[in-house]
Amino acid sequence: MKGLKQILAATLCVAVVVGTTGCSSSLTGGKRIIRISHAQSETHPEHLGLLKFKEYIEENLGDKFEVQIFPNEILGSAQKAIELTQTGAIDFVVAGTANLETFADVYEIFSMPYLFTSEEAYHEVMNDTDYMNTIYESTDEAGFRVMTWYNAGTRNFYATKPINTPDDLKGLKIRVQQSPASVNMAKAFGAAASPMSFGEVYTAIQQGVIDGAENNELALTNNKHGEVAKYFSYNKHQMVPDMLIANLKLLNGLSDEERAIFEEAARLSTEVELANWDDQAAAAKKIAEEDMGVQFIDVDVQVFKDKVADVQESMLEENPRIQEIYDHIQEVNAKYITEEGAE
Ligand code: GCU
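Rules used throughout
- Residues numbered from 1 in each chain as written.
- Predicted model: local features only at pLDDT ≥ 70, side-chain atom pairs only at ≥ 80, totals over all residues.
- Heavy atoms only, no water.
- Helix = DSSP H or I, 4+ residues; strand = E, 2+ residues; numbered from the N terminus.
- Rg over C-alpha atoms; globule rule 2.2 N^0.38 Å.
- Contact = heavy atoms within 4.5 Å.
- Areas by Shrake-Rupley, 256 points an atom, 1.4 Å probe, with all protein chains shown as cover.
- Lys, Arg positive; Asp, Glu negative; His and termini not counted.
- Charge placed at Lys NZ, Arg CZ, Asp CG, Glu CD.
- 1 Å grid on protein atoms, 1.4 Å probe; cavity = no way out; pocket = protein on both sides within 12 Å on 5 of 7 lines; lining within 4 Å.
- Points joined across faces, edges and corners; volume = space filled by probe spheres on them.
- Phe/Tyr/Trp six-rings, centres within 6.5 Å; stacked < 30°, edge-to-face > 60°.
- Buried < 20%, exposed > 50% of the residue type's maximum accessible area, 1.4 Å probe, protein only.
- Lys NZ or Arg CZ within 6 Å of the ring centre and 35° of its normal.
- Near = heavy atom within 4 Å.
- Polar contact = N/O pair within 3.5 Å; in protein donor to acceptor, adjacent residues only side chain to side chain.
- Sits in = over half its atoms within 2 Å of the grid points.
- Patch = residues over 30% accessible without salt bridge, like charges linked within 9 Å, V, L, I, M, F, W, Y side chains within 5 Å.
- Salt bridge = Lys/Arg side-chain N within 4 Å of Asp/Glu carboxyl O.
- Pairing = 2+ DSSP bridges.

Chemist: I keep staring at the overall build of the protein and nothing clicks. Help me out?
Modeler: A tally of helices and strands in the protein yields 13 helices and 12 strands. Computed over the C-alpha atoms, the radius of gyration of the protein is 20 Å, within 12% of the 20 Å expected from 2.2 N^0.38 for a compact globule of 343 residues. Reported as C-alpha extents along the three principal axes, the dimensions of the protein are approximately 60 × 45 × 35 Å. Considering only contacts within the protein whose residues lie at least 6 apart along the sequence, 77% involve residues at least 24 apart. Accessible surface, the protein: about 14800 Å² in total, of which carbon and sulfur atoms supply 49%. Distance between charge centroids for the protein: 8 Å, based on 28 positive and 54 negative side chains.

So this is what it looks like as structure tokens:
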């Protein structure tokens, strides 16, 4: 798989070097080819969402555009694919906000542990496109812009050993996303943080380089992590969204009518992705439990929250640019807090 990835990435790079305006301007049969990279399998809700994106664009602008989707990190890890999107070597990438922190540090907000107190609040904030556009514009200088979000569920620790309390994380090497805020969070939990790309996690657990990772249920099945890590603890530390990220020159080069169609395609892709998420997460849990022998542990979430209670404040002190969105999220959180507490 690595070999194929390298060949594909190299082919794209050659196209960028020899092309006058980069391979993003590649035409096939007079059509502009739109390339999208993502990290998931072809059954994942994000892939289904992107198929909708492709279908809508080709239905409405099929004489001008052909959309090609590259799953499974074929074109490289999220970070690599973001760089390709930045230069215009490819046009879109789906990546988690953790990967955007080094481009615009406002995205650190989504790595803050226990930021959202309910799924309802999370969805309301993320579905408020007018508000989110103010965040999405923050990477314009870097040459790309987020068009929409995808649900990536709730993140939890999983490992080769059971994690019942934060004490069990002590000394464990846990893979986190390549983001400063995620590294700090894992450290605050008492774990040894090991940042690496998503595609490397399976082998790293298998070879004992790390003891575990943290993610949603689909990582166990779609990415097969359940084969090598048999204990998944519902400590629910983050809801980190994935983003559909576009090369900004491509967007700015579209006519108003084309731009509106791309925007609508993005909106529809999110609709499809969200509609598939809950069922797929539940099915993944069942498969992991019944076929892969993964044990799901319902931990006392409050003990995990207490362990990282200072992190929110220290993140706000260190990065004042996240204060405004933090306050906004707290207002939305408050709407969904019931008498028995959130969730
Ligand atoms: C999830 C998320 C991906 C992310 C991955 C990770 O699968 O959907 O965008 O890359 O987690 O932990 O790296």
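Chemist: Would you mind showing me how to read empty space enclosed by the protein here?
Modeler: Any space left empty among the atoms is revealed by the rolling of a water-sized probe across them. Across all of its chains, the model carries one cavity of 30 Å³ or more by this definition. In this structure, the largest cavity encloses a volume near 310 Å³. Forming the boundary of the largest cavity are 28 residues, of which Gln40, Gly96, Gln177, Phe198 and Asp242 lie nearest the centre. The set of elements that each furnish at least two residues to the lining of the largest cavity consists of helix H3 (78–87), strand E4 (92–96) and helix H8 (218–221). Top contributing element to the lining of the largest cavity by residue count: E4, with three residues.

Chemist: Please explain the packing of aromatic side chains as it appears in this structure.
Modeler: Aromatic ring pairs are defined here through the distance separating the ring centres and the angle between the ring planes. Counting across every chain of the model gives 14 aromatic pairs. Ring geometry for Tyr122 against Trp149: centres 5.4 Å apart, planes inclined by 75 degrees, an arrangement best described as edge-to-face. Of this pair, Tyr122 sits in helix H4 (residues 119–127) while Trp149 sits in strand E5 (residues 144–150), and the two are 27 residues apart along the sequence. With relative accessibility at 2%, the residue Trp149 sits in the buried group. Between Phe157 and Phe189 the ring centres are 5.2 Å apart and the planes differ by 90 degrees, which places this aromatic pair in the edge-to-face class. With Phe157 in strand E6 (residues 155–159) and Phe189 in the loop between helix H6 (180–188) and strand E8 (192–195), this pair connects stretches of sequence that are 32 residues apart. We note that Phe157, like Phe189, is buried. Grouped by ring-pair contacts, the aromatic residues Phe53, Phe65, Phe92 and Phe262 constitute a single cluster. For the cation-ring pair, Lys285 lies above Phe296, with the distance from its terminal atom to the ring centre recorded as 5.3 Å.

Chemist: Hey, could you run me through the site of the ligand in this one?
Modeler: As a structural note, the neighbourhood of the ligand is formed by Gln40, Gly96, Ala152, Arg155, Arg175, Gln177, Phe198, Asn215 and Asp242. Separating an oxygen atom of the ligand from a side-chain N or O atom of Arg175 is a distance of 2.7 Å. The separation between an oxygen atom of the ligand and a polar side-chain atom of Asp242 is 2.4 Å. For the ligand, the protein covers 95% of the area, taking 310 Å² as the surface of the free molecule. A molecule is said to occupy a pocket when more than half its atoms come within 2 Å of that pocket's grid points, and by this definition the ligand occupies the largest cavity.

Chemist: Just checking my understanding: could you explain the environment of Gly190 for this structure?
Modeler: Tracing the backbone through its elements, the reader meets Gly190 in the loop between H6 and E8. Considered as a pair, Gly190 and Lys54 are 136 residues apart in the sequence and their alpha carbons are 43 Å apart. Ignoring any residue separated from it by four or fewer positions in sequence, one finds Gly190 in contact with Leu169, Lys170, Gly171 and Lys307.

Chemist: What exactly am I supposed to notice about a negative patch on the surface here?
Modeler: On the surface, Glu119, Glu120, Asp278 and Asp279 cluster together into a patch of negative charge. For the negative patch, the secondary-structure elements that each account for two or more residues are H4 and helix H10 (256–290). Relative to the helices and strands, Glu120 is located in helix H4.

Chemist: I keep staring at the pairing of strand E2 (residues 31–37) and nothing clicks. Help me out?
Modeler: Looking down a regular strand, the side chains alternate between one sheet face and the other. Where burial is concerned, most of E2 is hidden: six out of the seven residues are buried. Examined bridge by bridge, strand E1 (residues 27–28) and E2 share two bridges and lie antiparallel to one another. Residue pairing in the sheet places Leu27 in a bridge with Arg32 of E2. In this antiparallel pair of consecutive strands, E1 and E2, the connection spans two residues, and Gly29 shows a positive phi of 55 degrees. For E2 and strand E3 (residues 65–70), the ladder comprises six bridges, and the chain directions are parallel. Paired with Ile34 across the two strands is Val67, which belongs to E3. Across two bridges, E2 lies against E4 in parallel orientation. Looking across to E4, one finds that Ile36 is bridged to Phe92.

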